[in-house]
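# Chain and residue survey
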2 protein chains.
Amino acid sequence: MIYSQSELLALVEQAIVSNRWKREPEGLYAPIEYVLSLGGKRVRPSLVLMACNLFTDDLTEALKAGLAIEVFHNFTLLHDDIMDNADTRRGYATVHKRWNNNTAILSGDAMLIEAYKLLATVKSERFSEILKVFTTTADEVCKGQQYDMEFEKRNDVGLDEYMEMIRLKTAVLLACSLKIGALIGGASEADANTLYNCGINMGLSFQLRDDYLDAFGDPKVFGKNIGGDILCGKKCYLLLSALELAKGDTKSELDSLLALDNATHRDKKINGVIDIYRKLDVDKRCEAQVSAYLLKAITCLDKLDVPAERLEPLKTLIKAMSNRKK
Amino acid sequence: MIYSQSELLALVEQAIVSNRWKREPEGLYAPIEYVLSLGGKRVRPSLVLMACNLFTDDLTEALKAGLAIEVFHNFTLLHDDIMDNADTRRGYATVHKRWNNNTAILSGDAMLIEAYKLLATVKSERFSEILKVFTTTADEVCKGQQYDMEFEKRNDVGLDEYMEMIRLKTAVLLACSLKIGALIGGASEADANTLYNCGINMGLSFQLRDDYLDAFGDPKVFGKNIGGDILCGKKCYLLLSALELAKGDTKSELDSLLALDNATHRDKKINGVIDIYRKLDVDKRCEAQVSAYLLKAITCLDKLDVPAERLEPLKTLIKAMSNRKK
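Let me begin by describing the structure that accompanies this report. Residue indices begin from 1 for each chain and proceed along its sequence in written order. Labels are handed out in written order, letters beginning with A for the chains and numbers beginning with 1 for the ligands. For this predicted model, a pLDDT threshold of at least 70 governs which residues receive local features, and a threshold of 80 or more governs which side-chain atom pairs are given and counted, while totals over whole chains, interfaces and linings are taken from all residues. Where side-chain values are given, they derive from all heavy atoms of the structure, hydrogens and water being excluded.

## Details of the pattern of salt bridges
Any two side chains of opposite charge can pair, given that their charged atoms come close. Cut-off, in case you're wondering: For salt bridges, the criterion is a side-chain nitrogen of Lys or Arg within 4 Å of an Asp or Glu carboxyl oxygen. Every helix listed is a DSSP run of H or I at least four residues long, and every strand listed is a run of E at least two residues long, numbered separately from the N terminus. Using a 1.4 Å probe on the protein chains alone, a residue whose accessible area is under 20% of its type maximum counts as buried, one over 50% counts as exposed, and one in between counts as partly exposed.
With the rule as written, the count across this model stands at 42 salt bridges over all chains. The residue Arg23 of chain B makes a salt bridge to Glu114 of chain B at a minimum N-O spacing of 3.0 Å. In this pair, Arg23 of chain B sits in the loop between helix H1 (5–18) and helix H2 (26–37) while Glu114 of chain B sits in helix H6 (residues 101–119), placing the two residues 91 residues apart along the sequence. The class of Glu114 of chain B is buried, set by a relative accessible area of 4%. Counted as one network, the salt bridges with shared partners bring together Glu13, Arg42 and Glu70 of chain A.

## Quick look at the environment of Ile130 of chain B
Residues and elements named next belong to chain B. Quick reminder of the rule: By the convention used here, residues are in contact when the closest approach between their heavy atoms is within 4.5 Å.
In this structure, Ile130 sits in helix H7 (residues 127–152). On the accessibility criterion, Ile130 (0% relative accessible area) is buried. With sequence-adjacent residues up to four places away left out, Ile130 is seen in contact with Leu119, Ser124, Ile180, Leu183 and Ile184.

## Comments concerning the interface of chain A and chain B
Just so we agree on the cut-off: Each of two parts loses accessible area, computed with a 1.4 Å probe, when they are put together; buried area is these two losses added.
On the chain B side, the residues contacting the 31 residues of chain A number 31 residues. For the chain A and chain B pair, buried surface summed over both sides reaches about 3,100 Å², with 71% attributable to carbon and sulfur atoms. At the junction of chain A and chain B, the tally comes to two salt bridges. For Asp139 of chain A, the salt bridge is made with Lys117 of chain B, and the minimal N-O distance between the two is 3.1 Å.

## Some points on the relation of the copies chain A and chain B
Operational definition: Only residues with pLDDT of at least 70 in both copies contribute their C-alpha atoms to the least-squares superposition of the copies.
Taken as rigid bodies, chain A and chain B are interconverted by a rotation of 180 degrees and an axial shift of 0.0 Å, the fit giving an RMSD of 0.0 Å. When the rotation and shift are considered jointly, the pair of chain copies conforms to a two-fold rotation axis. Interface overlap between copies is the fraction of interface residues in one copy that are interface residues in the other; for chain A against chain B it reaches 100%, indicating a shared surface.

## Quick word on the nonpolar core
To be explicit about the condition: We call a set of buried residues a nonpolar core when its members are Ala, Val, Leu, Ile, Met, Phe, Trp, Tyr or Cys and they connect through side-chain atoms within 4.5 Å of each other.
By size, the foremost hydrophobic cluster in this structure holds 246 residues, and its most contacted members are Tyr277 of chain A together with Tyr277 of chain B. Those residues in contact with Tyr277 of chain B that sit more than four places away from it in its chain are Ala215, Phe216, Ile230, Leu238, Leu239, Ala242, Val282 and Asp283 of chain B.

## Thoughts on the side chain of Glu61 of chain A
Residues and elements named next belong to chain A. Here Glu61 is to be found in helix H4 (residues 60–83). Residue classification places Glu61 among the buried residues on the basis of a relative accessible area of 15%. With sequence-adjacent residues up to four places away left out, Glu61 is seen in contact with Thr121, Val122, Lys123 and Ile184.

## Examining helix H15 (residues 282–302) of chain A
All names here are of chain A. Stated formally: Expected span of a helix: the number of residues minus one, times 1.5 Å. Here, the arc refers to the directions that run from the helix axis to the C-beta atoms.
In this model H15 runs 30 Å from its N-terminal to its C-terminal C-alpha over 21 residues, within 8% of the 30 Å that 1.5 Å per residue would give. Restricting attention to buried positions, one finds in H15 the residues Val282, Asp283, Cys286, Val290, Tyr293, Leu294, Ala297, Ile298, Cys300 and Leu301. Seen from one end, H15 has its buried residues packed into an arc of 155 degrees, which puts them on one side. In this structure, H15 carries Lys284 and Leu295 as exposed residues pointing more than 90 degrees from its buried face. For H15, the secondary structure elements touched by its buried residues are helix H8 (159–185), helix H9 (189–216), helix H12 (237–245), helix H14 (262–279) and helix H16 (308–323).

## What to know about the layout of surface pockets
In this approach, a probe sized like a water molecule rolls over the atoms, and the result shows the empty space that is left. Residues and elements named next belong to chain B. Keep this limit in mind: Here a cavity means grid points, on a 1 Å grid over the protein atoms only, where a 1.4 Å probe fits yet cannot get out; a pocket means an open set of points with protein on both sides within 12 Å along at least five of seven lines; lining residues are those with an atom within 4 Å of a point. Grid points are joined across faces, edges and corners, and a volume is the space filled by probe spheres set on the points. For this classification, the nonpolar set comprises Ala, Val, Leu, Ile, Met, Phe, Trp, Tyr, Cys and Pro, the charged set comprises Asp, Glu, Lys and Arg, and every other residue, Gly included, is treated as polar.
The computed volume of the second largest pocket comes to approximately 2,000 Å³. For the second largest pocket, the lining is made up of 50 residues, of which Leu77, Asp81, Arg89, Asp210 and Lys224 are closest to its centre. At the level of elements, helix H3 (43–53), helix H4 (60–83), strand E1 (88–89), H7, helix H8 (159–185), helix H9 (189–216) and helix H11 (228–231) are the ones that each hand at least two residues to the lining of the second largest pocket. In terms of residue count, the dominant contributor to the lining of the second largest pocket is H8 (seven residues). In terms of residue class, the lining of the second largest pocket is made up of 16 nonpolar, 12 polar and 22 charged.

## So, H9 of chain A
One full turn of an α-helix is made of 3.6 residues, so residues set three or four places apart face in the same direction. Its 28 residues give H9 of chain A an end-to-end C-alpha distance of 40 Å, which sits within 8% of 40 Å, the value for a rise of 1.5 Å per residue. Within H9 of chain A, 23 of the 28 residues are buried, leaving the element largely enclosed by the surrounding structure.

## Quick look at the packing of H4 of chain A against H8 of chain A
All names here are of chain A. What counts here: The convention used is that axes are lines fitted to C-alpha atoms, helices contributing only their stretch in contact, and that angles between N-to-C directions extend from 0 to 180 degrees. Just so you know how the angles are binned, under 35 degrees is roughly parallel, over 145 roughly antiparallel, 65 to 115 roughly perpendicular, and the rest oblique. The sense of a crossing depends on the near helix, which, turned anticlockwise from the far helix by less than a right angle, makes the crossing left-handed and, turned clockwise, makes it right-handed.
Packing of H4 against H8 brings their axes to within 9 Å, and their N-to-C directions diverge by 165 degrees. Of the possible angle classes, the one that applies to H4 and H8 is roughly antiparallel. When you trace H4 past H8, the crossing you get is right-handed. The segment H4 lies against H8, with Glu61, Ala62, Ala65, Ile69, Phe72, His73 and Asp80 engaging Lys169, Leu173, Cys176, Ser177, Ile180 and Ile184. Looking at the contact of H4 with H8, its residues break down into eight nonpolar, two polar and three charged.

## A look at unusual backbone geometry
Each neighbour pair has its own omega, and for Glu24 of chain A with Pro25 of chain A the value is -5 degrees, a cis peptide bond. Following the sequence through the fold, Pro25 of chain A ends up in the loop between helix H1 (5–18) and helix H2 (26–37). Although it is not a glycine, Asp281 of chain A adopts a positive phi angle of roughly 60 degrees. With phi around 55 degrees, Asn85 of chain B is a residue other than glycine that occupies positive phi space. Here Asn85 of chain B lies in the loop between H4 and E1. Overall, the relative accessible area of 53% leaves Asn85 of chain B in the exposed class.

## What to know about the packing of aromatic side chains
Residues and elements named next belong to chain A. Quick reminder of the rule: Centres within 6.5 Å make a pair out of two Phe, Tyr or Trp rings, where for Trp the six-membered ring is used; the pair is then stacked when the planes are under 30 degrees apart, edge-to-face when over 60, and tilted otherwise.
Overall, the coordinates contain 15 aromatic pairs over all chains when judged by the stated rule. Ring geometry for Tyr116 versus Phe134: centroids 5.1 Å apart, planes at 90 degrees, classification edge-to-face. Taken as a pair, Tyr116 in helix H6 (residues 101–119) and Phe134 in helix H7 (residues 127–152) lie far apart in primary sequence, 18 residues in all. You'll find Tyr116 and Phe134 in the same group, each marked buried.

## Considerations on a positive patch on the surface
All names here are of chain A. Stated formally: Only residues whose relative accessible area exceeds 30% and that form no salt bridge are eligible for patches; like-charged ones are grouped when within 9 Å, while nonpolar side chains (Val, Leu, Ile, Met, Phe, Trp, Tyr) are grouped when within 5 Å. Method for areas: the Shrake-Rupley scheme with a 1.4 Å probe, in which residue coverage is limited to the protein chains shown. Positive charge is attributed to Lys and Arg, negative charge to Asp and Glu, and no charge count is given to His or to the chain ends. Throughout, a charge is located at the NZ atom of Lys, the CZ atom of Arg, the CG atom of Asp or the CD atom of Glu.
Taken together, the side chains of Lys41, Arg90, Lys224 and Lys326 present a region of like positive charge at the surface. With respect to the helices and strands, Lys326 occurs in the segment after H16. For Lys326, a relative accessible area of 59% puts it in the exposed group.

Written out as structure tokens, the structure reads:
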């Protein structure tokens, strides 16, 4: 049986609810229940289940691993939101704003531990490999967040460094989700690694699409204000490409625009930088990269020793992630 | 071969150094190297090794688990110091003071993950049980910290609640250390659980001794100022006992003293509260509890299926912990 994306999503939501977060002390667990109830696309557990479903119809153990990874992902959001001083997440107050920093720190810690507790319930002959992939990935995600924070204070970040940062911060967890699902499902070592590579390429495509939408998304669909990255000077793919490509007057103009005050020159700054992006074809370059990594991800799937019809839900999800409008 | 405490300590220090913390990105790992180099008594890894050494002379795997638990313990210190706004730890600036809060959060996260990475290297047939004990304990330590923070804001904390809080915050990790050492060493399930109980009693004795020393330690030996807990209104064993026992005039006097301003009435407050502790025999009660839990811990050891001479290093350590002057 090949599960559809909506069937898998229903399994994931059910698993989150039935893990019972109403535990004592309430001060520790209420924020965990809160952040997990805010939704999100549940991409990572869906990937675990889809990868497992490539090889078997029994998703029982994969569901536990998927839940572990979703809890881990939400732990990173809790702590990242403190570090980034973010007020909202998915349209709701972040945990450190609704409660306080100490609560967000400690409830986050409890979530990381809970992720391991959930993972430890997975029954698999390959448990030690699953544990190793998960832990290596968790370590890499921390490194990615560290680089991301360091980049904010640097003015000499190269595109290569940026791609490595988003690989660590975003792509490895998607890759880990696919690989763990495959290992649980009984994939060969080669297929599990191919799915890992698929996840890396998917993650890079996904993040570059994120960068693209921040400047070139449709304001009616995007859900956030256009130009947020420009205002906070985020070293995203678009800005780093523009800084590498701009010469002479264009370079001077870009530097002047970036130095403008957000409060008094908000629209001038956003529109001016976007104009330069277009002039330098940075938008087209970014779209080309999104497509190139998407193609690499899909190509990985075609290497798998799996009947073509089994691949459809995963291909659909990956394409949707790279083509999303919000 | 029965290892002495100093031999085990040398093994632990060697293991910490050789785990190479000089990794990239430096901003993430330098704080980890810093906090682990500040020393401390290394009680938890010593307990892992001693428990293992009760049953076998091969401490190779136990050393890995001991290092994992020491890294975990230092992770809790990093995050607790943020939450408690502590400026110093072991006479040095805390990580969040020397660097900043974000660094202490993220480097702490990386340490928790590193603890799991180290634990995952332990080769043992009983690995799944070891992982379960570790994760359950880690979860309990978070709960203990949550209760500790909640107690600060409450005025109705009972002694029973306090004992449960220190069981979670302090005792379970000592118990976990002994149990994991025993499991790696090949102990029977019964002996491993007896050692767990030994660790709980040892931990309660240890923490109550801590409470006692804060008010009744020898200022020349103690290393910290006497009366720190009194000044910050910490709901320790002494204060909670006094609040339960004081009646009439003594109760009114205690309440007045506790309400005194620290800046202007520091000595009057500390000396006054200590006088009441003596008047109510709270000091003797506390000492009696320290001894009672120590006796329980030692009694556990005598139940083990282990030659008496093997027990000596552990007995010596446990007694030293309960009789320490600083």
